Amino acid sequence: MRRPARHDTPAGADTWSGTWVAERLGVELTGDERLPGLLGLALRRNPKRAHLLVSNVLGKHVPQVPSVVHGHGVELGRRVRELLGAEAAARAVVLGYAETATGLGHSVADGLGTAPYLHSTRRPVDGVATAGGFEESHSHATSHLLLPEDPALLAGDGPLVLVDDEFSTGNTVLNTVRALHARYPRGRYVVVALVDMRSAADAGRLEEFGREIGARIDLVTVASGTVRLPDGVLEKGQALVAEHETAAAPSGPGARFPAPVRGTGEGAHPGARGTARQAPTGPQPAGDLTRVDLRWPDGLPDGGRHGFTPAHRTRLDAALPAMAARISAALPEETRRVLVLGFEELMYAPLRLATELERTTGAEVRYSTTTRSPVLAVDDPGYAIRTRLVFPAHDAPADGPGERYAYNVAGAGFDAVVAVVDSAADTPALHAPDGLLARLAEHTPRVVLAVVPSYVPTAPAAVQDAPERPATMLPEPLRGPAFSSYAPEEVGWLLQDLSDVTLEAPTEEREEAIQSGGAHYAESLPVEYQPSEQYQQLFHSALEASAARLAHAVGVVTETVLAELPHSRLRSSGGTSIPRPVLVSLARAGTPVGILMRRWAQHRHGLDLPHYAVSIVRGRGIDANALRWLAAHHDPRDVVFVDGWTGKGAITRELAQAVEEFEKTEGITGFDPEIAVLADPGSCVRTYGTREDYLIPSACLNSTVSGLISRTVLRADLVGPDDYHGAKYYRELADSDLSVAFLDAVAARFEEVTEAACAEAKELLAADRTPTWEGWAAVERISEEYGIHDVNLVKPGVGETTRVLLRRVPWKVLARAGAGSDLDHVRLLAEQRGVPVEEVADLPYTCVGLIHPRFTRGATGADGTAVSR
């Protein structure tokens, strides 16, 4: 490859900024000769991809000349206009991706000239309805919201131009188009990126996907190529990151991440034209702070979060010279090099201010922004991220506090840094001793703060007149390994973490409180059952014996779900379709099943389905806040509720009633209360893998086969009206955890059962699956026959009986005469607790667990085992 033109490189760089990673990992950048000028390489801690492509012209991680950053986007926009033609371009809408490509998308819209612009966001805005959402599966922060002030912005039939910084696998674009095409179908899409880095395997997916949905999809980029990765690069990269992070020491006040690692060579710092200024290794004299009133035009949006029209662009163009002059007046007279530093999604306004400063001042101006993305810093001229400043988030993010970063700022020789933030981010955390302004002041003589008013759309009259909704933002889902032992992409928990709260109570105390009406079962937790060696062996034997049977049921229920979600299908001209359900498991029994269904969809169809876990509590309903979050991020019509099995159908009825109540109180419709289950022995649902009552090994244990998560908790002093229901993460049980082993054992049998499972699903789809509610009738009969007179104390099925023996005070177990090994673990548990097992002929379930009726602690022995009444 020839050396690219100087304006495409970080000024003054004489060594390709991907050399350090390429030499150590064997990574190769091949393709267009412009790629080395456009991209460098860095390392990050990521379970899917250790290397990071770092753009030299995006203005995110690498300070760059503002006109170069804006110019690349404008030129791409002009190319899109030429591709579409004047008529189609006049009807186009541009959509950019948060956070990296928000400024690039704006610039593309500038090049198109007549197109309104919207970018996705990870910042919910109270009172602003979502027009959609989608997932970015490879990102560290995945959920995107679309919050246009005018919902009609996305509803037209003109071309939709999707802008991202790089096009690597195509997954993000496909996820977006799937989500939007289901609501707002159109005939043409244009994907715009600085670089096309797809592998040969991914190259044909975009065209194929376009054929499936009956739309044309074009791709416009500056350059193209691929990254060749040797075998084992992920593990090697992770080890390299761990090695350097461990070896590095904190750098300066407030640094909680490792300092930049010293490289092996000397050279110019990115952005320091012709200099060899290295990053400081110790505290520097603090710079002055000056606040500038930009006099931002009233009512002008700060960016495209809610839409940005050509008329808005005209107003901004007119106001820029005066705003830039106010910034210039705040700079010291001797200023030679100045950095304009934007803030996460706020990229365009700082970029345009920087471009105007470049045009009107004699200073050497550079532009970059802060970011959420954690990247290893290595102080070597052959590495893209030379230095890193670490500071706490300062805009009260919806997903909670965390660290934020500014790269390649320290040591770059800036005489002044102009920090441009929106008013939502002008908080005490910004001005704190360890905040962004203080960190910048350690490395430059002058810090200038310019605040752009955060634009919030005026709510329609109907919304203004409605009761005010709490301002508390619902947090993003909890994910492993911080919460649960499942991989982060397997499930997001719409729960709050109560791990530090003591919630466990002796089984007998809980039972007496529950039956006396003094407490609800969800207000406390039973002490986690610790299985004996003999019981653990039963689990492993049961799993080995039933894995193929379970895999078959997973396949049947997943294929049924995929076939019966017509509203989310993307139809092709050939008559085939691709469904896009959102799996929502009822925690916790449904969660392993939801993960297995997600794995089946990947195995059989190559689908990457979103999956969440929510709480539902008998007598209290489903977590309404979790439903609000789901409605804000997904189309409720795409949600499929998942559970492990049905007993008598109490949760099925509970969910239907809760969804109906939610629709009445919230005005949000579309959720289907139908539950998909692995096993439906009670004949309570239409969508199931089997109606046989057999052992599902995930029912054998508690948290140690459910991601180390407790049953959910709902207690007024812990869960407020704006909180998710709670649960505990038993990290201390990690040595006993079998959660992933259970999933892997079942998923390993997918291939051998695929043909049979698909055939059975096809048969079921043609059959009458109307629920008969036989289970409920049987439970009522047993309740009366045994003098219990309370159906809540009768727990039918292998799974429910196991729960009785693990969590409640059992009275007796009814077992179908001749039941075999599916009840081995039940018999062992019953023996350990002194519970009689009574064989019954013609029992509709394999077994039924009876909770001790009218329970008091006097009705049990001293060791808590049951005695006769």
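Every chain is numbered independently, its residues counted from 1 as its sequence is written. Local features in a predicted model are, by the rule used here, given only for residues with pLDDT of at least 70; side-chain atom pairs are given and counted only at 80 or more, and totals for whole chains, interfaces and linings are based on all residues. Hydrogens and water are ignored here; the side-chain numbers use all heavy atoms of the structure.

A. Representation of the overall build of the chain within the structure. Starting at the N terminus, helices and strands are each numbered in turn, a helix being any DSSP run of H or I of at least four residues and a strand any DSSP run of E of at least two. A tally of helices and strands in the chain yields 23 helices and 36 strands. Among the 869 residues that make up the chain, the fraction classed as buried is 61%. Within the chain, contacts between residues at least 6 apart in sequence are counted, and of these 77% link residues at least 24 apart. Surface exposure of the chain reaches about 32,400 Å², of which carbon and sulfur atoms provide 50%. Relative accessible area decides the class of each residue, using a 1.4 Å probe on protein chains only: under 20% of the type maximum gives buried, over 50% gives exposed, and in between gives partly exposed. Here, residues are in contact when the closest pair of their heavy atoms is within 4.5 Å. Each accessible area is a Shrake-Rupley estimate made with a 1.4 Å probe; only the visible protein chains count as cover when residues are assessed.

B. Just the sheet that holds strand S36 (residues 847–851), in detail. Taken together, the four strands give an open sheet; going across it, the order is S33-S36-S34-S35, and neighbouring strands pair in mixed fashion. Of all strands in the sheet, those with a lone pairing partner are strand S33 (794–796) and strand S35 (837–840), marking the two edges. Sheet twist, expressed as the average angle between the axes of neighbouring strands with direction ignored, equals 20°. Each pair of strands is called paired provided DSSP finds at least two bridges between the two strands. The pairing of S33 with S36 spans three bridges and is antiparallel. Angles run from 0 to 180 degrees between N-to-C directions of axes, and those axes are lines fitted to C-alpha atoms, restricted for helices to the stretch in contact.

C. A look at the pattern of salt bridges. Salt bridges are identified by distance alone: a Lys or Arg side-chain nitrogen within 4 Å of an Asp or Glu carboxyl oxygen. Enumeration according to the criterion identifies 37 salt bridges in this entry. Between Asp157 and Arg91 there is a salt bridge, with its nearest N and O atoms 3.3 Å apart. Of the two residues, Asp157 sits in the loop between strand S7 (143–146) and strand S8 (160–167) while Arg91 sits in the loop between helix H4 (86–90) and strand S4 (93–96), which places them 66 residues apart along the sequence. When the shortest N-O distance is used, the salt bridge between Arg372 and Glu344 registers 3.6 Å.

D. Region of interest: the packing of aromatic side chains. Note on aromatic pairs: the rings of Phe, Tyr and Trp (six-membered ring only in Trp) are paired at centre separations within 6.5 Å, and the planes decide the class, stacked below 30 degrees, edge-to-face beyond 60, tilted for the rest. A complete count under the given rule lists 10 aromatic pairs for this structure. Geometrically, the ring pair formed by Phe662 and Phe671 is edge-to-face, given 6.0 Å between the ring centres and 70° between the ring planes. Among the residues examined, Phe662 registers a relative accessible area of 3% and is labelled buried. A residue is classified by how much of its surface remains accessible, and Phe671, at 4% relative accessible area, is buried.

E. Representation of the side chain of His61 in the model. Its location among the elements puts His61 in the loop between strand S3 (51–55) and helix H3 (66–84). For His61, a relative accessible area of 9% corresponds to the buried category. Look past the residues within four positions of His61 in its chain and what remains in contact with it is Val54, Thr371, Ser373, Ile385, Tyr407 and Asn408.

F. Up close: the nonpolar core. One finds Leu43, Val161, Val192, Tyr383 and Leu440 to be the most contacted residues of the largest nonpolar core, which totals 135 residues. Among the elements that line this core, the one with the most residues is strand S9 (residues 188–196), at seven residues. Residues contacting Leu43, with those up to four places away along its chain left out, are Trp20, Val21, Leu25, Ala50, His51, Leu240, Val241, Val375, Leu376 and Tyr383. Buried residues of nine kinds, namely Ala, Val, Leu, Ile, Met, Phe, Trp, Tyr and Cys, make up a nonpolar core once their side-chain atoms join them within 4.5 Å. Leu586, Val593, Leu607 and Ala815 belong to the second largest nonpolar core, which has 106 residues in total.

G. Up close: the environment of Val451. Secondary-structure assignment places Val451 in strand S19 (residues 446–452). Taking C-alpha positions, Val451 is 5.1 Å from Val421, a pair spaced 30 residues apart along the chain. Residues contacting Val451, with those up to four places away along its chain left out, are Arg291, Val292, Leu294, Val421, Asp422, Ser423 and Asp426.

H. Structural view of the packing of helix H5 (residues 102–112) against helix H10 (residues 348–360). Two numbers describe how H5 lies on H10: the axes approach to 8 Å, and their chain directions differ by 65°. Contact with H5, carried on its side by Gly103, His106, Ser107 and Asp110, involves Tyr348, Leu351 and Arg352 of H10 and no other residues of that element. Class assignment for the residues of the contact of H5 with H10 results in two nonpolar, three polar and two charged. Polar here means any residue outside two lists: the nonpolar Ala, Val, Leu, Ile, Met, Phe, Trp, Tyr, Cys and Pro, and the charged Asp, Glu, Lys and Arg; Gly therefore counts as polar.

I. Quick look at helix H7 (residues 205–213). Residues of H7 that are buried include every one of Leu206, Phe209, Gly210, Glu212 and Ile213, and no others. Buried residues of H7, seen end-on, are gathered within an arc of 160° and therefore sit on one face of the element. Exposed residues lying more than 90 degrees from the buried face of H7 are Glu207 and Arg211. One or two residues past the end of H7 sits Gly214, with phi positive at roughly 70°. It is the directions from the helix axis to the C-beta atoms that the arc portrays.

J. Up close: the sheet that holds strand S14 (residues 364–370). Taken together, the five strands give an open sheet; going across it, the order is S12-S19-S18-S13-S14, and neighbouring strands pair in parallel fashion. In this open sheet, the two edge strands, each paired with only one partner strand, are strand S12 (288–292) and S14. Across the sheet, the axes of successive neighbouring strands diverge by a mean angle of 20°, strand direction being ignored. Note: strand S13 (residues 337–343) against strand S18 (residues 416–422), four bridges, orientation parallel. Counted as the bridge partner of Leu341 is Ala419 from S18. Each of S13, S14 and S18 touches H10; the most contacted strand, S14, lies at about 170° to it.

K. Highlighting unusual backbone geometry. Glu99 follows Ala98 through a cis peptide bond whose omega is -5°. The residue Glu99 is located in the loop between S4 and H5 in this model. Residue Pro481 is reached from Gly480 by a cis peptide bond, and omega for that bond is 5°. Secondary-structure assignment places Pro481 in the loop between helix H13 (461–465) and strand S20 (492–493). Notably, Glu344 is not glycine yet its phi reads approximately 45°, a positive angle. As for its placement among the helices and strands, Glu344 is situated in the loop between S13 and H10. The class for Glu344 is buried, based on a relative accessible area of 6%. Its identity as a non-glycine residue notwithstanding, Ser683 has a phi of 55°, on the positive side.

L. Main features of the pairing of S14. With respect to burial, S14 is a largely interior element, six of its seven residues being buried. With seven bridges connecting them, S13 and S14 associate as parallel partners. Opposite Gly342, over in S14, you have Thr369 as the bridge partner. Assessed by its sense of winding, the connection that carries the chain from S13 through H10 to S14 is right-handed. Crossovers are described as right-handed under a simple rule: with the strands pointing away from the observer, the path leading from the first strand over the helix to the second runs clockwise.

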